2 protein chains.
Amino acid sequence: MHAADMAEEFPVVGLASSALEAARLLARDRLPGLVVVDDRGAPYAILPASQVVRFLVPRYVQDDPSLAAVLSESMADRAADILGGKTVEELLPAERPELAVVRGEDTLVEVAATMARLRCPLAAVADDGRVTGVITASRLLESALAAH
Amino acid sequence: MHAADMAEEFPVVGLASSALEAARLLARDRLPGLVVVDDRGAPYAILPASQVVRFLVPRYVQDDPSLAAVLSESMADRAADILGGKTVEELLPAERPELAVVRGEDTLVEVAATMARLRCPLAAVADDGRVTGVITASRLLESALAAH
């Protein structure tokens, strides 16, 4: 079992992609995160769905969650507006979350070791500098347990 | 929109549950993580799929990933054996990952604020101390964008 056998098609987004489109992809496919690629298609970072949620919550509410109730439904109304004018690059936290990157020829153990070291919920499979697929932690577990 | 309206059924596991069963649930439903409840059904922790992967990788390979290639396929053969004799409690990291817990009556903004503060990919909905459902970050985004 090699990374290329485990990899699945998975939407990737570019740094200049619309933040709103990225949020819609996460919502539509119920994904835990998206792989972000740079201008040349090389893996750049992971954009966790929780980071997008974080972006939607005003800083003063993050600092004092008791204020959340005051905002009431207004965030839902404003979510599309907040994300509409932003790029994926603007959504990424200042300290870019490190993305696990593996090669198609890597074994299951190598993929697991890379994920484990980075505590990353998914790994991008990249060959010749371009992302060819994605392996989630749950997909890896499926492969690891399939032999039984 | 309140937490109770967004919550979905989601498998929960107990601290004494079989680690192998938990891994199979994560694999079968391709979940990013499971909610772990205590003996009384109260929310206790989140068990991320990546933590289970971490458990499968021997410490000396985590410390020196170049050794992963040497292990080759043996982990896949051993995964079920490694997990078979363990409980979910044994899988959890020493520093228990904090789980976002919300009430059914909480608003979308309150759920988002709790997730954002804890950087948690999902929130357990609990009323009267028992978990009644789960909201993932992607599900929350779906709700937030549904108005548009």
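These numbers come from a predicted model, not from an experiment. (Residues numbered from 1 in each chain as written. Chains lettered and ligands numbered in written order. Predicted model: local features only at pLDDT ≥ 70, side-chain atom pairs only at ≥ 80, totals over all residues. Heavy atoms only, no water.)

J.: Looking at this structure, how should I read the overall build of chain A?
T.: Within chain A, the regular secondary structure consists of nine helices and six strands. Expressed along its principal axes, the backbone C-alpha trace of chain A runs to roughly 50 × 35 × 25 Å. Looking at chain A residue by residue over its 148 residues, the buried ones come to 55%. Of the roughly 6,500 Å² of accessible surface on chain A, a fraction of 47% belongs to carbon and sulfur atoms. Of the charged side chains in chain A, 14 are positive and 22 negative; the average position of the first set lies 3 Å away from that of the second. (Helix = DSSP H or I, 4+ residues; strand = E, 2+ residues; numbered from the N terminus. Buried < 20%, exposed > 50% of the residue type's maximum accessible area, 1.4 Å probe, protein only. Areas by Shrake-Rupley, 256 points an atom, 1.4 Å probe, with all protein chains shown as cover. Lys, Arg positive; Asp, Glu negative; His and termini not counted. Charge placed at Lys NZ, Arg CZ, Asp CG, Glu CD.)

J.: What is the right way to read the side chain of serine 50 of chain B from this model?
T.: Relative to the assigned elements, serine 50 of chain B resides in helix α3 (residues 49-56). When residues no more than four places from it in sequence are discounted, the contact partners of serine 50 of chain B are Arg119, Cys120, Pro121 and Ala137 of chain A. (Contact = heavy atoms within 4.5 Å.)

J.: What's the story with the environment of valine 53 of chain B in this structure? I'm lost.
T.: Here valine 53 of chain B shows up in helix α3. Residues valine 53 of chain B and alanine 23 of chain B lie 30 residues apart in sequence; the distance between their C-alpha atoms is 9.0 Å. Residue contacts for valine 53 of chain B: discarding those within four places in its chain leaves Ala112, Met115, Ala137, Leu140 and Leu141 of chain A.

J.: I tried to follow the packing of helix α9 (residues 137-145) of chain A against helix α2 (residues 19-28) of chain B on my own but got confused; where do I start?
T.: Helix packing for two helices is described by the angle between their axes and how far apart those axes are. Where α9 of chain A contacts α2 of chain B, the axes come no closer than 8 Å and their chain directions differ by 120°. On the basis of their axis angle, the class for α9 of chain A and α2 of chain B is oblique. Crossing handedness for the pair α9 of chain A and α2 of chain B: left-handed. Of the residues in α2 of chain B, those in contact with Ser138, Leu141, Glu142 and Leu145 of chain A of α9 of chain A are Leu20, Ala23, Arg24, Leu26 and Ala27 of chain B. (Axes fitted to C-alpha atoms, helices over the stretch in contact; angles between N-to-C directions. Parallel < 35°, antiparallel > 145°, perpendicular 65-115°, else oblique. Left-handed = near helix turned anticlockwise from the far one by under 90°.)

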